[in-house]
Amino acid sequence: MAFEIIFLGTGAATPTLSRGLSAAVVNINETLCLFDCGEATQMQMLRFGVKKDRIRHVFISHLHGDHYFGLIGLLFTYHLHHRSNELHVWGPSLLKEILEIQIKTSVPNLCYPLIFHDIESLPDGTICSEKSFTVTKFPLKHRLPTYGYLIRETGRCGNIKKEFIKQYALDHETIKQIKEGADFITPEGKTIPHEEIVIPTRQHSFAWCSDTAYFPPLIEFISDADVLYHDATFMKDLQGLADEKGHSTTIDAALIASQARVHQLILGHISQRYMDLESFVKEAKSVFQNAEIAFDGMKIKLRN
Ligand SMILES: [Zn+2]
Ligand SMILES: [Zn+2]
């Protein structure tokens with residue numbers, strides 16, 4: 001199963017030529033989920049080869065413009081391209097009103113089903129379950145209600161133990177059934193549970209925590225994630241400014257990554273004041289070694 005993350009916009013507040021505004025897309029088996037949709041996210045999709053018609057869910061973290069001003073444009077592109085598949089938009093309750101005003105002033109109706117989910121009315125935890133993944137939401141700490149998301153693949157089956165295939169001379173069809181979750185019944189009629197036949201495998205996960213101050217309560221939701229994208233708007237010397245603005249520093253992000261024991265930290269929402277990115281990442285690595293700075297177009301493929 002493919003699990004690929006593409007970062008589309010990694011800058012803070014206003015766009016620059018090198019960094020667009022917040023957005024990342026996750027592709028799990030050719031179903032795409034978009035996390036935030038800052039201004040010009042559509043252009044970034046074109047630049048980086050994202051198949052936008054395969055986006056089924058859009059998750060918006062909060063209603064600061066740099067995280068959702070690109071959404072209405074995307075919705076209208078789908079309309080103009082005669083989309084027919086449903087699109088699920090998840091976000092704070094006010095987003096529904098904002099979108100409805102923008103839509104009704106332009107067209108009587110969109111030509112495809114737009115299904116809005118008010119995340120504020122849903123309890124923290126799993127909010128979305130699809131065949132190959134689930135999405136969990138949890139609160140962040142920012143200047144207005146803001147949510148993080150964790151997407152985790154489900155149902156991925158590991159390889160069947162080689163000795164087992166040999167012992168029972170499994171044919172192609174039986175292997176396929178086991179891979180889909182079936183137990184195996186031996187010629188003698190004994191049932192061998194699926195879990196004893198396959199090699200345990202990791203269900204990959206990605207956490208999107210854009211725009212938050214240092215906030216340890218989020219750790220329980222993201223622990224052991226493969227990849228954590230975390231707000232790192234400032235370096236440590238601007239801790240006061242970070243606290244005032246509800247953002248994190250490199251050190252804040254690295255502490256969360258370390259405490260949550262994630263595998264990889266991607267620093268994002270980078271203030272445009274930083275040119276010396278070497279010092280920036282070095283500071284984070286002093287706390288959490290496996291840290292990198294996000295860049296627009298950065299792709300991460302998770303494999304076993
Ligand atoms: Zn914000
Ligand atoms: Zn922001």
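Cut-offs applied
- Residues numbered from 1 in each chain as written.
- Chains lettered and ligands numbered in written order.
- Predicted model: local features only at pLDDT ≥ 70, side-chain atom pairs only at ≥ 80, totals over all residues.
- Axes fitted to C-alpha atoms, helices over the stretch in contact; angles between N-to-C directions.
- Helix = DSSP H or I, 4+ residues; strand = E, 2+ residues; numbered from the N terminus.
- Left-handed = near helix turned anticlockwise from the far one by under 90°.
- Contact = placed C-beta atoms within 7 Å.
- Nonpolar A, V, L, I, M, F, W, Y, C, P; charged D, E, K, R; others polar.
- Pairing = 2+ DSSP bridges.
- Domains from an automatic or database assignment.
- Buried ≥ 20, exposed ≤ 12 C-beta atoms within 10 Å, placed from the backbone.

**Regarding the packing of helix α9 (residues 250-260) against helix α10 (residues 277-285)**
Relative to each other, α9 and α10 sit at 40°, their axes nearing to 8 Å. Remark: the crossing between α9 and α10 carries right-handed chirality. Residues Thr250, Ile251, Ala253 and Ala254 of α9 form the contact with α10, whose participating residues are Phe280, Glu283 and Ala284. Split into classes, the residues belonging to the contact of α9 with α10 amount to five nonpolar, one polar and one charged.

**Notes on the sheet that holds strand β12 (residues 205-209)**
Sheet strands pair by backbone hydrogen bonding; their relative direction is either parallel or antiparallel. Strand order in this open sheet of seven strands is β7-β8-β9-β12-β13-β14-β15, and the pairing throughout is mixed. Of all the strands in the sheet, the pair left with one neighbour each is β7 (125-129) and β15 (291-293). Between one strand axis and the next, the sheet turns through 20° on average, direction left out of account. Pairing between β12 and strand β13 (residues 227-231): four bridges, direction parallel.

**Things to note about the domain arrangement of the protein chain**
Assigned domains of the protein chain: these are domain 1 (3-156 + 201-301) and domain 2 (162-197). Computed over C-alpha atoms, the centres of domain 1 and domain 2 are 40 Å apart.

**Focus on the pairing of strand β1 (residues 3-9)**
Across the seven residues that make up β1, a large majority, six, are buried. With six bridges joining them, β1 and strand β2 (residues 23-28) adopt antiparallel strand pairing. In the strand pairing of β2, Phe3 is matched with Ile28. Inspection of the sheet shows β1 paired to strand β16 (residues 299-301) by three bridges, in the antiparallel sense. Across the sheet, the residue bridging to Ile6 is Lys299, located in β16.

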